[in-house]
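The residues making up each chain are set out below.
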Amino acid sequence: MLGDDEPAFDDIVDSESLRPLLEQLPERERTVMPLRFYGNKTQTEIADRIGVSQMHVSGLLSRTLDELHHKLVA
């Protein structure tokens, strides 16, 4: 219906806003983020894959998400 909100529209806008920021991340973070959020890998699976501890992956995700959030709302 004309004028109705399209739920997928917000996802597209978010994706397009996020893409350039993801491309600017260091290589390790560019590897970790898609594995976690698109590949649905656990932190332990990611840690095994990139050769670090699960706690290290947790810290990487936390810092990277904070950084992306601050850049998106700025």
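A.B. asks: Explain the overall build of the protein to me, using residue names and the numbers behind them.
C.D. replies: Summing up its helical and strand segments, the protein has four helices and zero strands in all. Along the protein, helices (α) and strands (β) appear in the sequence α-α-α-α when read from the amino end. Within the span of the protein, comprising 74 residues, buried residues form 19% of the whole. Once local pairs closer than 6 in sequence are excluded, the contacts in the protein between residues at least 24 apart make up 53%. When the accessible surface of the protein is split by element, carbon and sulfur atoms take 52% of a total near 5700 Å².

A.B. asks: Break down the environment of P26 for me, citing the residues and quoting the values.
C.D. replies: With respect to the helices, strands and loops of the structure, P26 is situated in the loop between helix 1 (7–23) and helix 2 (27–37). Relative accessible area serves as the criterion here: at 46%, P26 is assigned to the partly exposed category. Between the C-alpha atoms of P26 and T64, which are 38 residues apart in sequence, the distance is 9.9 Å.

A.B. asks: Help me get a handle on the packing of helix 2 against helix 3 (residues 43–50), residues and values and all.
C.D. replies: Put simply, helix 2 and helix 3 touch, their axes get as near as 10 Å, and they point 145 degrees apart. Crossing geometry of helix 2 relative to helix 3 is assigned as right-handed. Counted together, R28, T31, V32, L35 and R36 of helix 2 and Q43, I46, R49 and I50 of helix 3 form the full contact between these two elements. Of the residues that constitute the contact of helix 2 with helix 3, the class distribution is four nonpolar, two polar and three charged.

About the thresholds
- Residues numbered from 1 in each chain as written.
- Predicted model: local features only at pLDDT ≥ 70, side-chain atom pairs only at ≥ 80, totals over all residues.
- Heavy atoms only, no water.
- Helix = DSSP H or I, 4+ residues; strand = E, 2+ residues; numbered from the N terminus.
- Buried < 20%, exposed > 50% of the residue type's maximum accessible area, 1.4 Å probe, protein only.
- Contact = heavy atoms within 4.5 Å.
- Areas by Shrake-Rupley, 256 points an atom, 1.4 Å probe, with all protein chains shown as cover.
- Axes fitted to C-alpha atoms, helices over the stretch in contact; angles between N-to-C directions.
- Left-handed = near helix turned anticlockwise from the far one by under 90°.
- Nonpolar A, V, L, I, M, F, W, Y, C, P; charged D, E, K, R; others polar.

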